[in-house]
Amino acid sequence: QVQLVESGGGSVQAGGSLRLSCVVSGFTSPDYMGWFRQAPGKEREGVAAISAGGGGTFYADSVKGRFTVSRDNAKNTVFLQMNSLKPEDTAMYYCAVASRAGLSLDALRYNYWGQGTQVAVSS
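Residues numbered from 1 in each chain as written. Predicted model: local features only at pLDDT ≥ 70, side-chain atom pairs only at ≥ 80, totals over all residues. Heavy atoms only, no water.

**So, the overall build of the chain**
Working step 1: The helix and strand inventory of the chain stands at zero helices and 11 strands.
Working step 2: Taken over C-alpha atoms, the radius of gyration comes to 13 Å for the chain, in line with the 14 Å a tight globule of 123 residues would show.
Working step 3: Taken across its 123 residues, the chain has 40% of its residues classed as buried.
Working step 4: For the chain, contacts bridging at least 24 residues in sequence account for 57% of all contacts bridging at least 6.
Working step 5: When the accessible area of the chain is evaluated, it comes to approximately 6300 Å², of which 47% is carbon and sulfur surface.
Working step 6: Between the centroid of the 11 positive side chains of the chain and the centroid of its 9 negative side chains there is a distance of 3 Å. (Helix = DSSP H or I, 4+ residues; strand = E, 2+ residues; numbered from the N terminus. Rg over C-alpha atoms; globule rule 2.2 N^0.38 Å. Buried < 20%, exposed > 50% of the residue type's maximum accessible area, 1.4 Å probe, protein only. Contact = heavy atoms within 4.5 Å. Areas by Shrake-Rupley, 256 points an atom, 1.4 Å probe, with all protein chains shown as cover. Lys, Arg positive; Asp, Glu negative; His and termini not counted. Charge placed at Lys NZ, Arg CZ, Asp CG, Glu CD.)

**What to know about the pattern of salt bridges**
Working step 1: Across all of its chains, the model carries four salt bridges by this definition.
Working step 2: Two residues, E45 and R37, come together in a salt bridge whose shortest N-O distance is 2.8 Å.
Working step 3: Residue R37 is classed as buried on the basis of its relative accessible area of 6%. (Salt bridge = Lys/Arg side-chain N within 4 Å of Asp/Glu carboxyl O.)

**A short note on the layout of surface pockets**
Working step 1: In this structure, the largest pocket occupies an estimated 170 Å³ of space.
Working step 2: Taken together, 13 residues make up the lining of the largest pocket; nearest its centre are V24, F27, S29, P30 and N76.
Working step 3: For the lining of the largest pocket, the class distribution of residues is five nonpolar, six polar and two charged. (1 Å grid on protein atoms, 1.4 Å probe; cavity = no way out; pocket = protein on both sides within 12 Å on 5 of 7 lines; lining within 4 Å. Points joined across faces, edges and corners; volume = space filled by probe spheres on them. Nonpolar A, V, L, I, M, F, W, Y, C, P; charged D, E, K, R; others polar.)

Right, here's the structure in full:
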């Protein structure tokens with residue numbers, strides 16, 4: 001049974017940091033993964049993607065230089081380190097497993113999703 005569980009969300013002031021975690025179970029080997037976010041009234045947005053081995057990453061322009069995606073395959077966990085947070089980063093954040101290899105922020109390329117963790121950034 002595939003399961004993704006996110007944690008680490010919370011409320012911070014602008015300029016602060018948060019580290020999100022996503023524990024994955026039910027897979028026999030690592031897959032490409034991504035982080036997405038969705039704010040109220042907005043479409044889901046791809047934030048970052050990481051290759052199965054962790055050597056390749058890709059970011060949305062809106063978070064480049066502020067967010068870092070990484071993974072620890074020994075612990076089946078993917079991380080999203082978020083620094084210099086802005087109020088516009090406020091959203092529900094989701095991790096997802098890609099259906100095929102390749103770094104992408106297209107949600108249609110992902111077929112397993114977690115329940116999300118809420119991030120709120122105040123000014």
